[in-house]
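What follows is each chain in one-letter form.
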Amino acid sequence: MKILKFGGTSVGSAQSISTLVQLVKEQQQKDEAVALVCSAMSGVTNTLLQLVTDAAAGKEFGTGLKTIEDRHFELVKTLLEVKHQNVALLGLRLYFNELEELLAGVHALGEASPRTNDRVVAYGEILSNYTIAHVLKQHGINSVFADARQFIKTDSHYGKAVVNEALTNQLAKTFFGQHAGTVPVITGFIASDQHGNTTTLGRGGSDYTAALVGAAVGADEVQIWTDVDGFMTADPRLVKKAFPLKQLSYNEAIELSYFGAKVVHPPTMLPAIAKGIPIVVRNTFNPSFAGTAIGPKASVNGSLVKGITSIPAVSLLTVQGGGMVGYKGFSGRLFTALAQAGVNVILITQASSEHSITLAVSPEDALTASTAIEAEFGYELLTGKLSKPLVEEGFSVMAVVGENMKQAIGLSGKLFSALGRSGVNINAIAQGSSELNISVVVSSEDLSKALNSVHDALFLSPVKTLNVYCCGTGNIGATLLKQLEEHQEHLQASRHLRINLAGVCNSRQMLWNRDGISLKNWQDELVENGEQANLERFMERAVSLNLPNSVFIDNTGSTHVAGTYRQLFEQSFSVVTCNKIRNCGTFSDYYKDKQVVRKYGVDYFFETNVGAGLPVIKTLHDLLISGDQVLKIEAILSGTISFIFNEYKGDKTFAEVVREAQLKGFTEPDPRDDLSGLDFARKMLILARETGLPVELQDVQIQPILPENCIAAPTVEAFYQELENSEPYFSSLKEEAAAAGKVLRYIGSLEAGKIKIEVVMAGPEHPFFGLSGSDNIISFTTERYRLNPMVIKGPGAGAEVTAAGVLADLVRVAAY
C-alpha cells in the first residue's frame with residue numbers, strides 16, 4: 001500500500017483535485033492499494049483561525065465563513081455531475097451549520113480556548129476530504145471519507161498534541177481492516193484525545209498523519225504531494241541555479257527541513273523512519289517529475305554536499321565573562337532558563353576557552369531570552385563575573401548539509417574560501433561531531449551572496465557564474481564583449497563558466513542589471529536604458545548589488561578609473577585590467593595594492609599591461625613560483641617601435657617608415673608619443689616590480705630614439721620635416737649595423753637591478769635578430785634557462801589580441 005498525502009495547494013482548486021483523481025487512477029491501474037491524506041484547501045486554515053479571533057473580539061464573522069462555503073460549493077458544482085451534487089452539498093451544509101454555531105458561541109462568550117481553536121480549524125480538513133471522497137466516487141473509485149479523529153489518538157495538549165502511537169497503530173489497523181478494498185480519504189492534521197475532544201497535531205500535521213498511518217499499516221511508501229519538485233539544492237528564490245535532488249537520507253532531509261527547506265516538517269518523518277518506510281516528495285503540478293526519494297541511506301549524487309539551506313532571520317545572543325571559565329553546571333543553568341522561558345535555541349557555539357557562548361535565536365525570542373538570562377544570572381552580573389548579554393540583530397544562518405561530508409578533507413576550506421572571496425564575513429560557526437551539517441551565521445544582507453557563492457564553489461551548480469562589471473566600451477572593451485558573446489557557449493561547455501554582465505559603463509552612459517545585460521545587444525540596452533555616466537555612482541551601485549564572484553574589468557586608459565581599484569579590492573571585487581596606469585604609479589601604491597589583494601583574498605590580473613595577449617607576466621610568475629631566479633630580461637614591448645625598426649632597411653628613410661606606421665594605425669596621432677619610449681618604460685617597470693624590485697619610473701634609463709630637434713618640433717608635420725632633416729643620423733646607425741652584419745633594435749633590459757631602454761645593434765646570435773613586422777618579443781635568462789633563454793614572441797598590440805588577453809585573465813579568476 002502507498003499513502004498519498006496532498007497539501008493545501010494540491011487540493012486548492014478544481015484543476016488540482018482533477019490531477020489528484022488521475023494520480024489515484026494511475027496507482028490503481030498498477031494494482032497498488034492507496035490511501036489519501038489531504039490537507040485543508042490552501043488558505044482555509046488561516047481564514048478559520050482569523051474567524052475565531054474575530055468572533056472572540058465581537059467582530060462579524062459571517063462574510064469570511066460565507067467565502068469558505070462558496071469556495072467548497074463551487075468545487076462541488078464544478079467537479080460533480082448534477083445528479084451527485086445534492087448529497088455532497090447537503091453534507092457540506094451540515095458541517096457549515098456546525099461551524100457557524102461554534103463561531104456564534106465564541107462570539108457570545110467573547111473568548112476562545114485552545115480546545116475551541118482546534119475544533120474550529122478541524123473543519124478545514126473535514127470539508128476538503130469530504131468533498132474529495134465524493135469526487136473520487138463519481139470517477140468509479142471506491143472511496144470512503146475517513147475522519148482521522150476515529151483512530152489518531154493524542155493527549156489533550158491542544159494546538160500541538162502528542163500522539164499515543166500504540167493506541168493509534170491499533171485503531172488505524174482496525175479501521176483499514178474494516179475498509180479493505182476502499183480508498184480511505186483521511187483528514188490530515190486533526191486527531192482526538194481520550195475524551196473524544198478534537199485536537200490538532202501542529203505544524204506539518206498532515207504530513208505527520210500520513211507518516212503515522214503509513215507506519216501503522218506497514219505501507220510500502222509515503223508520497224508527499226506538494227507544489228514543488230522536491231527538495232532543492234538551495235532556495236530557488238535566492239539561488240537561480242538550484243535544482244531538485246533525486247535522493248536524500250532521512251538525516252539529510254531532517255537537516256534541510258530544519259534549516260529552511262520547508263518541504264517536509266522534520267518530526268512528521270519520524271514514524272516512517274522508525275519503520276524504514278521510504279518517503280517521496282512529488283509535485284502535483286508536475287506529476288511526471290520523479291521528485292525526491294528519502295530513505296535510510298545517502299547517495300553521492302555527484303557531490304559531497306546535498307544542499308545548502310538557510311534561516312533568513314536570527315538574532316545572536318552572546319553570554320561572556322571570566323566567571324564562566326571552569327564553572328560546572330553553567331550551561332545547564334543557561335539552557336534550563338531559556339527552556340523555561342519558551343525560547344528555542346537554533347544554533348550554539350562556544351569557544352574552547354569557555355569565556356563565551358553565542359546562541360542564535362528567533363528575533364521574536366531575543367528579548368525574552370536576554371531577560372531570562374539576566375534573571376537567572378543576576379548575582380553573577382552584579383558581581384561582574386558575567387557581562388550583560390549582548391543581543392545583535394540582522395543575521396541569517398546558512399547550513400551546508402550532506403552525509404557524505406563526513407571526514408571529507410578540505411570541504412570546510414572550500415566553504416570558507418568561497419565566502420571569503422565574495423567578502424562574506426562569518427559571525428559564528430557550528431558543526432556537530434556527525435559532520436552532517438556545517439552552519440555559519442552571516443549578515444542577512446549577505447545571505448543571497450553567501451548561498452550563491454557556496455552553491456558554485458561546492459560543485460552543486462553545473463556552471464560557475466562570474467558577475468562582471470565592464471568599464472570602457474571603446475575598441476578593446478567592445479571587442480571583449482563581442483568575444484564573450486561569441487564564446488559564451490564554449491565557456492559553459494568546456495570551462496563550466498557563465499559570464500553575467502551585471503554592469504557596463506563608458507564616458508557617456510552606464511547601466512546595471514543584476515540578472516544580466518545581453519552580451520549581444522548591450523549597446524542598444526545601454527542607449528535605451530542607461531543613465532548619465534558617473535564613475536562613483538557606478539561603483540556604489542555595483543557594490544550595493546552585493547553579487548558573489550564580482551569582477552571589475554577596466555578597458556580604459558583612465559587615471560580616474562585606475563584609482564578605484566583599492567576600493568574595489570576592499571569590497572571583495574577582483575579586478576582585471578589592460579590599463580597599466582595603476583601599476584606604474586609610485587612603488588608604495590603598487591606594494592599597498594598587492595597587500596590589500598592578499599588581505600581580501602581577491603584576484604588582480606593585468607597580463608595585458610605587458611605584451612597585450614602574450615603570456616609574459618604569467619610566465620614570469622611561473623618561473624618565480626617554481627624557485628627559478630631571473631638573471632636578465634630583454635624585451636621589445638612596443639609594436640610600433642618594433643615595426644619601425646624592422647622596416648627601416650633598404651632605401652626607405654626613417655621618416656617614410658614612421659609615416660607608414662602611422663597610416664597602418666600603429667602609432668598615436670603624434671608618433672612621438674610612441675617613439676619617446678615612455679610607454680615601453682612603463683612596461684619594463686611593471687616587469688621589474690613583478691620580479692620584486694622596489695623601483696620607480698624615474699629609475700628607468702631611456703636612451704632617446706629621436707634627436708632633440710625632432711622632439712622639439714611644434715607640430716606633427718614639423719616633426720616629420722625634422723625627421724627628414726635628421727636622416728643622416730638614422731642612416732649612419734643603419735649603415736653601421738649593416739656593415740657589422742647586424743640590425744637595429746630598440747631593446748629594454750633588466751639586469752642586476754637596473755632597467756635600460758636603448759638602441760642596440762643585434763647580431764645573428766641574438767634572439768631578436770630575426771624579428772619581423774610589429775611583433776613583440778621577450779627573453780628570460782634565468783638560472784634554469786641560462787644558456788638557452790626562454791623566448792616569447794607574437795603580436796603585442798591590437799584590439800583583438802588585447803581583448804583576448806583580458807578574457808583569458810577573466811577565465812583565470814573563475815579558476816580560483
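Quick note: structure is the one above.
Below or above, wherever it landed, is the structure these notes cover.

Cut-offs applied
Residues numbered from 1 in each chain as written. Predicted model: local features only at pLDDT ≥ 70, side-chain atom pairs only at ≥ 80, totals over all residues. Heavy atoms only, no water. Helix = DSSP H or I, 4+ residues; strand = E, 2+ residues; numbered from the N terminus. Rg over C-alpha atoms; globule rule 2.2 N^0.38 Å. Buried < 20%, exposed > 50% of the residue type's maximum accessible area, 1.4 Å probe, protein only. Contact = heavy atoms within 4.5 Å. Areas by Shrake-Rupley, 256 points an atom, 1.4 Å probe, with all protein chains shown as cover. Lys, Arg positive; Asp, Glu negative; His and termini not counted. Charge placed at Lys NZ, Arg CZ, Asp CG, Glu CD. Salt bridge = Lys/Arg side-chain N within 4 Å of Asp/Glu carboxyl O. Arc of directions from axis to C-beta. Pairing = 2+ DSSP bridges. Axes fitted to C-alpha atoms, helices over the stretch in contact; angles between N-to-C directions. Parallel < 35°, antiparallel > 145°, perpendicular 65-115°, else oblique. Left-handed = near helix turned anticlockwise from the far one by under 90°. Nonpolar A, V, L, I, M, F, W, Y, C, P; charged D, E, K, R; others polar. Core = buried A, V, L, I, M, F, W, Y, C linked by side-chain atoms within 4.5 Å. Phe/Tyr/Trp six-rings, centres within 6.5 Å; stacked < 30°, edge-to-face > 60°.

**Section: the overall build of the protein chain**
Thought 1: Summing up its helical and strand segments, the protein chain has 29 helices and 29 strands in all.
Thought 2: In terms of C-alpha radius of gyration, the protein chain reaches 37 Å, well past the compact-globule figure of 28 Å for 816 residues.
Thought 3: The principal-axis extents of the C-alpha atoms in the protein chain amount to approximately 120 × 75 × 50 Å.
Thought 4: Put simply, the protein chain has 816 residues, and 52% of those count as buried.
Thought 5: In the protein chain, the share of contacts with a sequence separation of at least 24, taken over all contacts with a separation of at least 6, comes to 72%.
Thought 6: Surface exposure of the protein chain reaches about 35200 Å², of which carbon and sulfur atoms provide 51%.
Thought 7: The centroid of the 70 positive side-chain charges in the protein chain is displaced by 5 Å from the centroid of its 85 negative side-chain charges.

**Observations concerning the pattern of salt bridges**
Note on pairing: side chains with opposite charge can pair once their charged atoms come close.
Thought 1: Summed over all chains, the structure comprises 31 salt bridges.
Thought 2: The salt bridge partner of Asp207 is Lys5, with a shortest N-O separation of 2.9 Å. Residue Asp207 is located in helix α7 (residues 205-217), and its partner Lys5 is located in strand β1 (residues 2-6); the two are separated by 202 residues in the primary sequence. Lys5 shares its class with Asp207; the two are buried.
Thought 3: The structure contains a network of salt bridges with shared partners spanning Arg566, Arg582, Asp589 and Asp593.

**Section: the side chain of Ser422**
Thought 1: With respect to the helices and strands, the residue Ser422 is situated in the loop between α13 (411-421) and β15 (426-431).
Thought 2: Not counting residues within four places of it along the chain, the set of residues in contact with Ser422 comprises Lys449, Ser453, Pro548, Asn549 and Ser572.

**Focus: the environment of Phe395**
Thought 1: With respect to the helices, strands and loops of the structure, Phe395 is situated in strand β14 (residues 390-401).
Thought 2: Looking at Phe395, the relative accessible area reads 9%, which means it is buried.
Thought 3: The spatial distance from the C-alpha of Phe395 to the C-alpha of Val442 is 5.7 Å, given a sequence separation of 47 residues.
Thought 4: Those residues within four positions of Phe395 in sequence are excluded, and the remaining contacts are Pro312, Ala313, Val314, Leu316, Asn427, Val441, Val442, Ser443 and Ser444.

**Structural notes on helix α10 (residues 330-340)**
Thought 1: Turning to α10, its buried residues number three or more, namely Phe330, Leu334, Ala337 and Leu338. Angular distribution of buried residues about the axis of α10 spans 95°; they occupy a single face of the element. Across α10 from its buried face, at more than 90 degrees, point the exposed residues Ala339 and Gln340.
Thought 2: The secondary structure elements touched by the buried residues of α10 are β11 (307-320), β12 (345-350), β13 (356-361) and α11 (366-376).
Thought 3: One or two steps after α10, the chain reaches Gly342, where phi turns positive at roughly 75°.

**Focus: the side chain of Ser206**
Thought 1: With respect to the helices and strands, the residue Ser206 is situated in helix α7.
Thought 2: For Ser206, the residues in contact, after removing those within four places along its chain, are Lys5, Val37, Cys38, Ser39, Glu125, Gly188 and Phe189.

**Some points on the sheet that holds strand β25 (residues 701-702)**
Thought 1: Read from one edge of the open sheet, six strands run β25-β27-β26-β24-β28-β29, paired in mixed fashion. On the outer flanks of this sheet lie β25 and β29 (790-795), each paired with one strand and no other.
Thought 2: In this structure, strand β24 (residues 630-636) lies alongside strand β28 (residues 775-782), joined through six bridges in antiparallel fashion. Residue pairing for β28: Ile636 is matched across the bridge by Ile777.
Thought 3: Against the sheet, helix α22 (residues 639-647) engages β24, β26 (743-751), β27 (754-762) and β28, with an angle of about 145° to β26.
Thought 4: Packed onto the sheet, helix α28 (residues 727-739) meets β26 and β27 and runs at close to 85° relative to β26.

**With respect to the sheet that holds β1**
Thought 1: Strand order across the open sheet formed by eight strands is β3-β4-β2-β1-β7-β9-β10-β8, with mixed pairing between neighbours. The open sheet has two edge strands, β3 (143-146) and β8 (247-249), and neither has a second partner. For this sheet, the mean angle separating the axes of adjacent strands, direction not counted, is 20°.
Thought 2: Relative to strand β4 (residues 183-187), β3 runs parallel, the two sharing four bridges. In the sheet register, Val144 faces β4, and the bridge partner there is Pro184.
Thought 3: Relative to the sheet, α7 contacts β1, β2 (34-38), β4 and β7 (221-226), its axis offset from that of β1 by approximately 170°.
Thought 4: Helix-sheet contacts for helix α8 (residues 250-258) involve β8 and β10 (292-295), and the interaxial angle to β8 is about 90°.

**Topic: α8**
Thought 1: What α8 keeps buried is the set Tyr250, Glu252, Ala253, Leu256 and Ser257. All buried residues of α8 lie within an arc of 160° about the axis, which places them on one face of the element.
Thought 2: Packed against the buried residues of α8 are β8, α9 (270-275), β10, β11 and β14.

**A few points about the pairing of strand β9 (residues 279-283)**
Thought 1: Of all five residues in β9, five are buried; the element is thus mostly enclosed.
Thought 2: Residues Ile279, Val281 and Asn283 point to one face of β9 and Val280 and Arg282 to the other, with burial holding for every one of them.
Thought 3: The pairing of β7 with β9 spans five bridges and is parallel. In the strand pairing of β9, Val222 is matched with Ile279.
Thought 4: Summarising the sheet, β9 and β10 pair through three bridges and their orientation is antiparallel. Each bridged residue has a counterpart across the sheet, and for Ile279 the counterpart in β10 is Ile294.

**Section: the packing of helix α21 (residues 616-625) against helix α25 (residues 678-690)**
Thought 1: Interhelical geometry of α21 versus α25 gives an angle of 20° and a closest axis separation of 10 Å. Classed by the angle they form, the pair α21 and α25 counts as roughly parallel. Note on packing geometry: the crossing formed by α21 with α25 is right-handed. For the pair α21 and α25, the contacting residues are Val616, Ile617, Leu620, His621 and Leu624 in the first and Ile686, Leu687 and Glu690 in the second.
Thought 2: Tallied by class, residues from the contact of α21 with α25 come to six nonpolar, one polar and one charged.

**Regarding the nonpolar core**
Thought 1: Residues Phe552 and Leu723 are the most contacted members of the largest nonpolar core, which totals 73 residues.
Thought 2: The contact partners of Leu723, leaving out residues within four places of it in the chain, are Phe654, Ala655, Val658, Leu706, Cys710 and Phe730.
Thought 3: In terms of nonpolar packing, the next biggest core, distinct from the first, is built from 52 residues, Ile17, Cys38, Val183 and Val185 among them.

**Observations regarding the packing of aromatic side chains**
Thought 1: Scanning all chains against the criterion turns up 24 aromatic pairs.
Thought 2: When the ring of Phe645 is compared with that of Tyr746, the centres are 6.3 Å apart and the planes differ by 5°; the resulting orientation is stacked. With Phe645 in helix α22 and Tyr746 in strand β26, this residue pair connects regions lying 101 residues apart in the sequence. Taken individually, Phe645 and Tyr746 each receive the classification buried, so the pair is uniform in this respect.
Thought 3: Ring geometry for Tyr648 versus Phe654: centroids 5.2 Å apart, planes at 90°, classification edge-to-face.
Thought 4: When its relative accessible area of 1% is taken as the criterion, Phe654 is described as buried.
Thought 5: Taken together, Phe645, Tyr648, Phe654, Phe680, Tyr729, Phe730 and Tyr746 form an aromatic cluster joined through their ring pairs.

**Some thoughts on the packing of α22 against helix α23 (residues 654-663)**
Thought 1: Between α22 and α23, the least distance of the axes is 9 Å, while the angle of their chain directions is 140°. Here α23 runs oblique to α22, going by the angle between their axes. Considering only the axes of α22 and α23, their crossing is right-handed. For the pair α22 and α23, the contacting residues are Phe643, Ile644 and Glu647 in the first and Phe654, Val657, Val658, Glu660 and Ala661 in the second.

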